[in-house]
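Residue-level listing of the chains:
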Amino acid sequence: MINRPIRVALAGVGSCASSFVQAVTQAGASGPAPAGVMHELIGGYRLRDVEFAAAFDVDRNKIGLDLAQAITVHPTVAVRHLEAPPTGAQVRPGPLLDGLEGRLSDVVPADPRCASLSEVEVTAVLRESAVDVLVCFLPTGAREAVRAYARACAEAGVAFVNATPEPVANCPELSERFTVQGVPLLGDDLRSHLGATTLHTALLDLLHSRGIRVTDTYQLNVGGNTDFLNLSDPGRSGAKQMSKRRALTNAGIDASEVAAGPNGYVKYLGDRKVCFLRIEGETILDAPLSMEIRLEVEDSPNAAAVVANAVRIAKTAADQGHVGVVHPVCAFLFKSPPVGMRETEALHSFQEYVEKTRRAPDTTVSTGLPHTPSRQEHSE
Ligand SMILES: NC(=O)c1ccc[n+]([C@@H]2O[C@H](COP(=O)([O-])OP(=O)(O)OC[C@H]3O[C@@H](n4cnc5c(N)ncnc54)[C@H](O)[C@@H]3O)[C@@H](O)[C@H]2O)c1
């Protein structure tokens, strides 16, 4: 079998985009399935079926470059694990709106053309490039810009994956647009594959499953990429704070006063992110219990592993006529899904959705050649 490609556009060519482009490159090389890819096949698609069709940014040093080259440009600090070959997708100017407010304007030189662009130009590019799925990697706090790309996608019939915490799936007006236009929508605020939120909510699940009362907790995060630089501005970090608290609330605690969020920009860490997590609780006889964990990850590959699932789910949902918010997968892939679930329930719902896509009508084109199952398919 050979698959049709998934034609993907990226809005925001920063650190997460860099890791995702590298992950797709790695998946295209022969050899065993890359570590961190949960499913080799989703809806008949492999990660290597991703084809980059378009990219948008507002940084004048990135616009005009091939996407594979743009992901290496300062101030992006994602680690270069491998060289990506040219993708054929040139970075285009996107509408600036509130994309670079706050500290980002000190490090990103805006291309003057972007100030006069709107979603109309984005819609036109998406149509002419035959894009299937757009991943929105805009900075947190760029609410107007995120909304503009979302409207452009709904208009062009392009599935939208909202990696940012700005409300799109959680905005009734926008999510309704996707439903009316017959387009899938996934969001909001990508979870990291194994990051602070996932570890935190999984531990809370574990404690709850044993009847342990959680009395207090915190989750402090520091990092040195431009996402952390941007989030160090209180005017830009509001949606992220809310999103993290929401994820903890869905895990069954009152998180209204819990300190959980980005807590500092430490430049020398680069793309490394360090999380300090503490949970206090009471078990039988009100005996106290506490734990402290330090988690260190490379931030952007951690996002790429989730996007590797999300783009294939988005395309599969489109193939199968699933319109509007794809609720069964959002609680697993995002911190702020419109319908929250506990960690184990979210994983179960996601896996069930993936399993159903295997039983759904085939979206692949048969070459008549026998298919050799991969290592992962054998074990699934
Ligand atoms: N790193 C993770 O694990 C993770 C996890 C969850 C969510 N996220 C979210 O993903 C988003 C992207 O993160 P990142 O680390 O890649 O950020 P980044 O700062 O490296 O990249 C953002 C890019 O967007 C560009 N941009 C700004 N305004 C724009 C506009 N109007 N149009 C097009 N491009 C524009 C910037 O020039 C930059 O290249 C953030 O909102 C972040 O919070 C990241």
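The model shown is predicted, which means the values in this text are computed figures rather than measured ones.

1. Some details on the site of the ligand
Among the 31 residues in the neighbourhood of the ligand, the closest are listed as Asp57, Pro95, Leu138, Leu190 and Thr226. Take aspartate 57: an N or O atom from its side chain is 2.6 Å from an oxygen atom of the ligand. Lysine 62 is positioned such that a nitrogen or oxygen atom in its side chain is 2.9 Å from an oxygen atom of the ligand. Within the complex, 98% of the 860 Å² of free accessible area of the ligand lies under protein. Split into classes, the residues belonging to the shell around the ligand amount to 16 nonpolar, 8 polar and 7 charged. The residues that make up the shell around the ligand include at least three from each of domain 1 (6-191 + 301-359) and domain 2 (196-298).

2. Quick word on the packing of helix 4 (residues 119-128) against helix 5 (residues 143-156)
Two numbers describe how helix 4 lies on helix 5: the axes approach to 8 Å, and their chain directions differ by 45 degrees. By the angle between their directions, the pair helix 4 and helix 5 is classed as oblique. At the point where helix 4 passes helix 5, the crossing takes the right-handed sense. Here Glu119, Val122, Thr123, Leu126 and Arg127 of helix 4 come into contact with helix 5, specifically with Ala148, Tyr149, Arg151, Ala152, Cys153, Glu155 and Ala156. Of the residues in the contact of helix 4 with helix 5, the class split is 7 nonpolar, 1 polar and 4 charged.

3. Re empty space enclosed by the protein
In this structure the tally under the stated criterion is 3 cavities of 30 Å³ or more. By volume, the second largest cavity is sized at about 60 Å³. Every residue lining the second largest cavity is counted, 13 residues in all, and those nearest its centre are Arg191, Ala247, Asn250, Ala331 and Met341. Here the residues of the lining of the second largest cavity sort into 6 nonpolar, 3 polar and 4 charged. Counting the residues that make up the lining of the second largest cavity, at least three belong to each of domain 1 (6-191 + 301-359) and domain 2 (196-298).

4. Here's the deal with the nonpolar core
Counting 92 residues, the largest nonpolar core has Leu10, Phe20, Phe52, Leu126, Leu134, Phe160 and Leu186 as the members making the most contacts within it. In this view, leucine 10 contacts Ala17, Phe20, Val21, Phe52, Ala54, Ala55, Phe56, Leu67, Val135 and Phe137; residues no more than four positions away in its chain are not counted. Judged by nonpolar contacts, the second largest core, of 18 residues, contains Leu199, Ile212, Ala255 and Leu277.

5. Examining the sheet that holds strand 10 (residues 288-298)
With mixed pairing, 4 strands are arranged side by side in an open sheet as 8-7-9-10. Only two strands of the sheet have a single partner each, and these edge strands are strand 8 (260-265) and strand 10. Neighbour to neighbour, the strand axes of the sheet diverge by 15 degrees on average, direction disregarded. Where strand 7 (residues 213-223) and strand 9 (residues 272-282) come together, 10 bridges link them in antiparallel fashion. The partner of asparagine 221 across the bridge, within strand 9, is cysteine 275. This element, helix 9 (residues 234-250), spans strand 7, strand 8 and strand 9 of the sheet and lies at about 140 degrees to strand 8. This element, helix 10 (residues 299-319), spans strand 9 and strand 10 of the sheet and lies at about 90 degrees to strand 10.

6. Quick word on the layout of surface pockets
When its volume is computed, the largest pocket comes out at roughly 360 Å³. Residue lining of the largest pocket: 18 residues in total, with Ala23, Gln26, Ala35, Pro301 and Ala304 positioned closest to the centre. Elements represented by at least two residues in the lining of the largest pocket include exactly helix 1 (15-28) and helix 10. Sort the elements by how many residues they give to the lining of the largest pocket and helix 10 lands first, with 5 residues. Taken together, the residues of the lining of the largest pocket sort by class into 10 nonpolar, 7 polar and 1 charged.

7. Quick notes on the domain arrangement of the chain
Assigned domains within the chain: domain 1 (6-191 + 301-359) and domain 2 (196-298). Of note, the centres of domain 1 and domain 2, computed from C-alpha atoms alone, are 25 Å apart. If you look at the interface, domain 1 gives 34 residues, while domain 2 gives 30 residues. Across the domain 1/domain 2 interface, buried area totals approximately 2500 Å², and carbon plus sulfur atoms make up 49% of it. Counting the contacts that link domain 1 with domain 2 gives 1 salt bridge. When the shortest N-O distance is used, the salt bridge between lysine 240 and aspartate 189 registers 3.0 Å. Counting the contacts that link domain 1 with domain 2 gives 17 residue pairs in polar contact (both at pLDDT 80 or more).

8. A short note on the state of the cysteines
All told, the structure shown has 0 disulfides when counted by the stated rule. Considering cysteine sulfurs only, cysteine 153 is the nearest to cysteine 136, which forms no disulfide, with 8.2 Å between them. You can call cysteine 136 buried: its relative accessible area is 0%. Residue cysteine 153 is classed as buried on the basis of its relative accessible area, which comes to 0%.

9. Comments concerning the pairing of strand 1 (residues 6-11)
Buried residues dominate strand 1, accounting for 5 of its 6 residues. In this structure, strand 1 lies alongside strand 2 (residues 50-57), joined through 6 bridges in parallel fashion. Along strand 2, the bridge assignment pairs alanine 9 with alanine 54. Tracing the backbone out of strand 1, into helix 1 and back to the parallel element strand 2 gives a crossover that is right-handed. Where strand 1 lies against strand 4 (residues 133-136), 4 bridges are found, and the strand directions are parallel. Each residue of the ladder has a partner; that of alanine 11, found in strand 4, is cysteine 136.

Basis of the calculations
Residues numbered from 1 in each chain as written. Predicted model: local features only at pLDDT ≥ 70, side-chain atom pairs only at ≥ 80, totals over all residues. Heavy atoms only, no water. Near = heavy atom within 4 Å. Polar contact = N/O pair within 3.5 Å; in protein donor to acceptor, adjacent residues only side chain to side chain. Areas by Shrake-Rupley, 256 points an atom, 1.4 Å probe, with all protein chains shown as cover. Nonpolar A, V, L, I, M, F, W, Y, C, P; charged D, E, K, R; others polar. Domains from an automatic or database assignment. Axes fitted to C-alpha atoms, helices over the stretch in contact; angles between N-to-C directions. Helix = DSSP H or I, 4+ residues; strand = E, 2+ residues; numbered from the N terminus. Parallel < 35°, antiparallel > 145°, perpendicular 65-115°, else oblique. Left-handed = near helix turned anticlockwise from the far one by under 90°. Contact = heavy atoms within 4.5 Å. 1 Å grid on protein atoms, 1.4 Å probe; cavity = no way out; pocket = protein on both sides within 12 Å on 5 of 7 lines; lining within 4 Å. Points joined across faces, edges and corners; volume = space filled by probe spheres on them. Core = buried A, V, L, I, M, F, W, Y, C linked by side-chain atoms within 4.5 Å. Buried < 20%, exposed > 50% of the residue type's maximum accessible area, 1.4 Å probe, protein only. Pairing = 2+ DSSP bridges. Buried area = accessible area lost by both parts, 1.4 Å probe. Salt bridge = Lys/Arg side-chain N within 4 Å of Asp/Glu carboxyl O. Disulfide = S-S within 2.5 Å. Right-handed = clockwise from strand over helix to strand, strands pointing away.

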